[in-house]
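The residues making up each chain are set out below.
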Amino acid sequence: MTHFTRRKLVKIGLAAGAGFAVTRCASSNQASAPVGTPNNPATGPVVNTNQIKDVTLRLIGTGVSQINEIRDQAQKDLGFKLQMRALSTEENNQIAITQPGQYDIFDGEYFSLPLVVPSGNLQPIDVKKITNYDKIVTFFTTGKFNGMPVEQSQGTAPFKVQYVTGPDSREFSPTPTDWATLIPFQYNADTLGYRPDLVGRKIESWQELFNPEFKGKTSILDIPQIGIMDAAMVAEAAGLMTFGDKGNMTKEEIDKITDILKQQKANGQFRAFWKTFDESVNLMASGEVVLQSMWSPAVTAVKAKGLPCVYAPLKEGYRGWGGGVGLSKNLSGINLDAAYEYLNWMLDGWVGAFLGRQGYYSAAPETARKFMSPAEWDFWYEGKPAAEDMVDPFGKTLEKKGTVRDGGSFKDRFGNIVVWNSTMKENVYLVQKWNEFIAS
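Now for a quick tour of the structure. (Residues numbered from 1 in each chain as written. Predicted model: local features only at pLDDT ≥ 70, side-chain atom pairs only at ≥ 80, totals over all residues. Heavy atoms only, no water.)

When helices and strands are tallied, the protein chain shows 17 helices and 21 strands. Every one of the 440 residues in the protein chain was classed for burial, and the buried ones make up 57%. Of the contacts formed within the protein chain by residues at least 6 apart in sequence, a portion of 68% connects residues at least 24 apart. A total of about 16,900 Å² of accessible surface is found on the protein chain, and carbon and sulfur atoms cover 49% of it. (Helix = DSSP H or I, 4+ residues; strand = E, 2+ residues; numbered from the N terminus. Buried < 20%, exposed > 50% of the residue type's maximum accessible area, 1.4 Å probe, protein only. Contact = heavy atoms within 4.5 Å. Areas by Shrake-Rupley, 256 points an atom, 1.4 Å probe, with all protein chains shown as cover.)

Dropping the structure here:
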């Protein structure tokens, strides 16, 4: 029996110039679903393939996911065009809040939603139109992981901002509704990265970032809402101070941690501060920095250059984050239909597998698994020794056969998140004090 993917049907429709309607179907490589009808909203929007070829959607997001290969595959599969802009986290949020006419799809982090959603520039997403919504990991959709509530972690756990109360709402719902802020597609447990060849020993604690042994060779990321929490993890581990909630600091706590940072900077502890993925890669690959705040694909990129780099499993735990895609309030008609097609494509598995080879996790792991070899799944998700050499999405070898992923399995890593990226109540004050530190 021949199976057709949704994207194949779109292509057939375009080639034939036919105006028939198709929705999300799948092959043996992707979860099968029947062709939808206008009276069956569970299968998603009905898209006229003769019109959709003329659609161009504008995406804004950060460099970790605004990747040419993802754009090219999406255009090939979906039959319409995508324009991607790779921005810093701050620029991305600023445009989302102040320039709604500049984008159709917002690719952002959950911690930014308390800033972005009140602007009214994102339209709530009808989860009934998301084919694989039931396959999304539960800490996004129900607030639980392995049966335990994620609220035990500090900060903005994604579930806290996953839902709004209605189709026109700007108010977060504490319980699940049919209206989502973002559709998640990637997330990770973040930690420090280091060059073992230059450090000369194993790094096991956040406090090492302030260790005078590495004076002038460390770096912390210059994104106030995230950098401050990395600093808090370091300060607590070093016994310099404690916090009631690292994800929602008081003014007094902000004052104290920024004073500590200023002192560390005055002592010459930091070599640099970075805002973008590429900056962090260059600092580590050049050897200017040997220990720093880092993102998983940046570690991957350093390894792809043939240099040793470790994403350290630290005894105090991880800082978690989640990213997703949302819809501009300006979308309507065929462009809105196409945007829903793109959201569904993001969960179909190809993107999850692609980003998985950089160390990120898919929001719908079981669909990503279909695009990964058994050896890749075992290495990246199960924490098992690599049965073969592991390669990145671009074919470069990252890990040799027999190695184990830093930090182990998905359950081990996500079971040890102690704080999530967060927008604090004192965000304005935090940004002011952080900027004082950077300028000091």
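Turning our attention to the pairing of strand β15 (residues 291-294). Pairing analysis gives four bridges linking strand β12 (residues 183-194) to β15, with the strands arranged antiparallel. Note on β15: the bridge partner recorded for T191 is M294. When strand β13 (residues 218-221) meets β15, the two strands line up parallel, connected through two bridges. The residue of β15 that forms the bridge with T218 is L291. (Pairing = 2+ DSSP bridges.)

One side chain can pair with another of opposite charge once the charged atoms of both are near each other. All told, the structure shown has 20 salt bridges when counted by the stated rule. Put simply, K303 and D406 hold a salt bridge, and the shortest N to O gap is 3.9 Å. With K303 in helix α11 (residues 296-304) and D406 in the loop between β20 (397-399) and α16 (410-414), this pair connects stretches of sequence that are 103 residues apart. Of the two residues, K303 and D406, both sit in the buried class. Residues participating in the shared-partner salt-bridge network are D255, K262, K433 and E436. (Salt bridge = Lys/Arg side-chain N within 4 Å of Asp/Glu carboxyl O.)

Before going further, it helps to spend a moment on helix α4 (residues 89-98). Those residues of α4 lying buried are T89, N92, N93, I95 and A96. Viewed along the axis of α4, the buried residues span an arc of 165 degrees, placing them on a single side of the element. Those residues of α4 that are buried lie in contact with β3 (56-62), β4 (81-87), β5 (105-109) and α5 (113-116). (Arc of directions from axis to C-beta.)

A word on the nonpolar core. Of all hydrophobic cores here, the largest spans 97 residues; its most connected members are L57, Y342 and F414. Each residue touching L57, except ones within four places of it in the same chain, is listed here: F80, K81, L82, Q83, D104, I105, L331, N335, A338 and A339. In terms of nonpolar packing, the next biggest core, distinct from the first, is built from 35 residues, I203, M424, Y429 and W434 among them. (Core = buried A, V, L, I, M, F, W, Y, C linked by side-chain atoms within 4.5 Å.)

What follows covers empty space enclosed by the protein. One simple way to see leftover space: roll a probe sized like a water molecule over the atoms. For the structure on display, the rule yields five cavities of 30 Å³ or more. If you trace the largest cavity, you find 17 residues lining it, with T62, V64, T89, E109 and W321 closest to the centre. For the lining of the largest cavity, the secondary-structure elements that each account for two or more residues are α4, β5, β12 and β17 (318-328). Classifying every residue of the lining of the largest cavity gives six nonpolar, seven polar and four charged. By volume, the second largest cavity amounts to about 140 Å³. In terms of lining residues, the second largest cavity is bounded by 15 residues, among which S296, V299, K303, W380 and D406 are the most central. Secondary structure elements with two or more residues in the lining of the second largest cavity: α11, α15 (374-380) and β20. (1 Å grid on protein atoms, 1.4 Å probe; cavity = no way out; pocket = protein on both sides within 12 Å on 5 of 7 lines; lining within 4 Å. Points joined across faces, edges and corners; volume = space filled by probe spheres on them. Nonpolar A, V, L, I, M, F, W, Y, C, P; charged D, E, K, R; others polar.)

According to the stated counting rule, one finds 29 aromatic pairs in the structure shown. Plain terms: the ring middles of F140 and Y187 are 5.3 Å apart, the flat faces sit at 70 degrees to each other, and that makes the pair edge-to-face. Of this pair, F140 sits in helix α6 (residues 138-141) while Y187 sits in strand β12, placing them 47 residues apart in sequence. Side by side, F140 and Y187 carry an identical accessibility label, which is buried. Over the ring of Y340 we find K129, and its NZ or CZ is 4.9 Å from the ring centre. (Phe/Tyr/Trp six-rings, centres within 6.5 Å; stacked < 30°, edge-to-face > 60°. Lys NZ or Arg CZ within 6 Å of the ring centre and 35° of its normal.)

Glancing now at the environment of A266. Positionally, A266 belongs in helix α9 (residues 251-266). In the structure, A266 is positioned 174 residues away from S440 in sequence and 8.1 Å away in space, judged by C-alpha atoms.

Before going further, it helps to spend a moment on the side chain of Q154. Looking at the secondary structure, you find Q154 in strand β10 (residues 154-155). Engagement of the side chain of Q154 in a polar contact is seen with the backbone nitrogen of K246, the distance being 2.7 Å. Excluding anything up to four places from it in sequence, Q154 contacts G244, D245, K246, G247, V418, V419 and W420. (Polar contact = N/O pair within 3.5 Å; in protein donor to acceptor, adjacent residues only side chain to side chain.)

Glancing now at the layout of surface pockets. Counted as a void, the largest pocket has a volume near 270 Å³. Around the largest pocket, the lining comprises 14 residues; the ones closest to its centre are F277, A301, Q358, D392 and F394. Looking at the lining of the largest pocket element by element, the count peaks at four residues for α11. A per-class count over the lining of the largest pocket returns eight nonpolar, three polar and three charged.

Time to look at the packing of helix α8 (residues 224-237) against helix α17 (residues 427-439). Relative to each other, α8 and α17 sit at 75 degrees, their axes nearing to 10 Å. Classified by the angle between their axes, α8 and α17 sit roughly perpendicular to one another. Within the contact between the two elements, α8 uses P224, Q225, G227 and I228 and α17 uses N427, L430, V431 and W434. For the contact of α8 with α17, the residue count by class is five nonpolar, three polar and no charged. (Axes fitted to C-alpha atoms, helices over the stretch in contact; angles between N-to-C directions. Parallel < 35°, antiparallel > 145°, perpendicular 65-115°, else oblique.)

Further remarks concern the environment of M424. Looking at the secondary structure, you find M424 in the loop between β21 (417-420) and α17. When the C-alpha atoms of M424 and N248 are compared, they prove to be 4.7 Å apart, with 176 residues separating the residues in sequence. Filtering out sequence-adjacent residues up to four positions away, M424 remains in contact with I228, M229, K246, G247, N248, M249 and L430.

Don't take any of this as a statement about function, it's just geometry.
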